[in-house]
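If you want the building blocks of each chain, they are given just below.
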Amino acid sequence: MLLTSFALLLLTVRIDIITLFPEIALAPLSESIIRRAREAGLVDIHAHQLRDWATGKHRKTDEYLCGGGQGMLLKPEPIFAAVEELKGDDTQVILMTPQGAPFKQHHAQRLSSSKHLIILCGHYEGVDHRVIETLVDEEISIGDYVLTNGAIAAAVVTDAIVRLIPGALGDARSPEEESFTNPNMLEAPAYTKPNDFRGMKVPEVLLSGDHGKIEAWKKEQAHQRTRANRPDLLED
Ligand code: ADE
């Protein structure tokens with residue numbers, strides 16, 4: 001028992017999310033698989049209020065753009081103070097921003113073996129560029145659209161990372177078999193009971209018990225689906 005707890009302690013991934021909206025970041029990470037991973041000690045997730053590191057009477061976190069332009073930017077001082085307080089020797093600092101590299105399954109795989117991640121969430125027009133130049137190891141975007149704040153994006157990235165931590169997925173299915181992993185393709189269509197639903201039948205081959213044929217069918221279907229929905233994956 002002591003050994004198990006010790007092993008878990010050694011393997012726990014720590015994730016600190018710094019945001020103006022900690023509740024938004026934490027809500028999707030407080031249910032189901034991620035909640036159980038947290039309870040099992042596989043991951044230690046904290047969402048911090050950036051304003052707690054802001055100073056002055058109004059604890060201001062944003063400012064107008066230098067040189068003019070619309071909107072507000074997050075000021076560097078509270079972000080530097082937060083990261084300097086939370087950072088350790090093995091910390092990777094990620095900034096959620098639409099200007100970042102598109103988040104892919106291989107990023108989730110790599111980051112799931114990190115010891116400590118700090119995830120900074122942008123707001124308004126983003127963050128002062130000195131934060132990116134000095135503190136940030138990686139800028140990540142979850143897609144080519146602009147969200148109201150990075151807390152939603154941080155929750156998405158955290159979810160994708162945490163479910164890959166060994167032990168997080170309760171079922172026997174290995175994450176290596178799913179879409180975007182190996183090969184970089186979508187999954188074949190899947191069916192469950194009943195075999196006949198309103199005249200719509202489960203493909204015969206899946207009921208045949210012939211595993212060779214089933215695998216060949218799945219491969220072909222995966223190809224067809226990828227060609228139809230994500231031809232870009234086949235070009236990669
Ligand atoms: N913040 C706002 N939009 C975002 C996006 N698409 N990805 C990451 N962070 C964001």
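The structure displayed is predicted, hence computed values, not measured ones.

## Considering the domain arrangement of the protein chain
It is common to report an interface's size as the accessible area lost on association of the parts. When the domains of the protein chain are assigned, the result is domain 1 (7-162) and domain 2 (177-235). On a C-alpha basis, the centroid separation for the pair domain 1 and domain 2 is 36 Å.

## Some thoughts on the site of the ligand
Taken together, Met96, Thr97, Pro98, Ile140, Ser141, Ile142, Gly143, Tyr145, Val146, Leu147, Gly150 and Ala153 are the residues near the ligand. Residue isoleucine 142 places a main-chain N or O atom 3.0 Å away from a nitrogen atom belonging to the ligand. A distance of 2.8 Å separates a nitrogen atom of the ligand from a polar atom in the backbone of tyrosine 145. When the ligand sits alone it has 260 Å² of accessible area, and the protein chains cover 96% of it.

## Some remarks on the pattern of salt bridges
Side chains that differ in sign of charge can pair as their charged atoms come close. Applying the stated criterion to the full structure yields 10 salt bridges. For arginine 14, the salt bridge is made with aspartate 16, and the minimal N-O distance between the two is 2.8 Å. Under the relative-accessibility criterion, arginine 14 is labelled partly exposed at 29%. In this structure, arginine 130 engages aspartate 128 in a salt bridge whose closest nitrogen and oxygen atoms are separated by 2.8 Å. The class of arginine 130 is partly exposed, set by a relative accessible area of 49%. For aspartate 128, a relative accessible area of 12% puts it in the buried group.

## Considering helix H8 (residues 211-229)
Its 19 residues give H8 an end-to-end C-alpha distance of 26 Å, which sits within 8% of 27 Å, the value for a rise of 1.5 Å per residue. Residues of H8 that are buried sit in contact with helix H9 (231-235). Regarding H8, its N-cap is aspartate 210, as a side-chain oxygen of that residue lies 3.2 Å from the backbone nitrogen of glycine 212 further along.

## Quick notes on unusual backbone geometry
With an omega of 0°, the peptide bond running from lysine 193 to proline 194 counts as cis. Phi is positive for serine 32, close to 55°, though the residue is something other than glycine. Mapping serine 32 onto the fold places it in helix H3 (residues 32-39). Since its relative accessible area comes to 40%, serine 32 is described here as partly exposed.

## Here we look at the side chain of lysine 75
Looking at the secondary structure, you find lysine 75 in the loop between strand S4 (72-74) and helix H4 (76-86). Beyond its immediate chain neighbours, meaning those up to four positions away, lysine 75 contacts Lys60, Thr61, Asp62 and Glu63.

## Remarks on the environment of isoleucine 132
Secondary-structure assignment places isoleucine 132 in helix H6 (residues 129-134). Of the residues examined, isoleucine 132 reaches a relative accessible area of 15% and is grouped as buried. In this structure, the C-alpha to C-alpha distance between isoleucine 132 and isoleucine 94, residues 38 residues apart in sequence, is 9.3 Å. Setting aside residues up to four positions removed in sequence, isoleucine 132 forms contacts with Leu95, Val127 and Glu139.

## Side note on the pairing of strand S5 (residues 91-102)
The pairing of S5 with strand S6 (residues 116-121) spans six bridges and is classified as parallel. Bridge assignment links glutamine 92 to a residue of S6, and that residue is leucine 117. Since S5 and S6 lie parallel, the crossover through helix H5 (residues 105-111) that links them has a hand, and here it is right-handed. Where S5 lies against strand S7 (residues 138-141), five bridges are found, and the strand directions are parallel. Bridge assignment links proline 102 to a residue of S7, and that residue is serine 141.

## Structural notes on the environment of aspartate 137
Summarising the element assignment, aspartate 137 is placed in the loop between H6 and S7. Along the primary structure aspartate 137 and isoleucine 17 are separated by 120 residues, whereas in three dimensions their C-alpha atoms are 15 Å apart. Beyond its immediate stretch of four places on either side in the chain, aspartate 137 contacts Thr91, Gln92 and Val93.

## Quick word on the sheet that holds strand S2 (residues 43-49)
The sheet built from five strands is open, its strands ordered S2-S1-S6-S5-S7 with parallel pairing. Of all strands in the sheet, those with a lone pairing partner are S2 and S7, marking the two edges. In this sheet, neighbouring strand axes are inclined to one another by 30° on average, regardless of whether the strands run parallel or antiparallel. Contacting strand S1 (13-19), S2, S5 and S6, H4 runs over the sheet at an angle of about 170° to S6. Along the sheet, helix H7 (residues 150-162) makes contact with S1, S2, S5, S6 and S7, crossing S6 at roughly 155°.

The rules behind each value
- Residues numbered from 1 in each chain as written.
- Predicted model: local features only at pLDDT ≥ 70, side-chain atom pairs only at ≥ 80, totals over all residues.
- Heavy atoms only, no water.
- Domains from an automatic or database assignment.
- Near = heavy atom within 4 Å.
- Polar contact = N/O pair within 3.5 Å; in protein donor to acceptor, adjacent residues only side chain to side chain.
- Areas by Shrake-Rupley, 256 points an atom, 1.4 Å probe, with all protein chains shown as cover.
- Salt bridge = Lys/Arg side-chain N within 4 Å of Asp/Glu carboxyl O.
- Buried < 20%, exposed > 50% of the residue type's maximum accessible area, 1.4 Å probe, protein only.
- Helix = DSSP H or I, 4+ residues; strand = E, 2+ residues; numbered from the N terminus.
- Expected span 1.5 Å × (residues − 1).
- Contact = heavy atoms within 4.5 Å.
- Pairing = 2+ DSSP bridges.
- Right-handed = clockwise from strand over helix to strand, strands pointing away.
- Axes fitted to C-alpha atoms, helices over the stretch in contact; angles between N-to-C directions.

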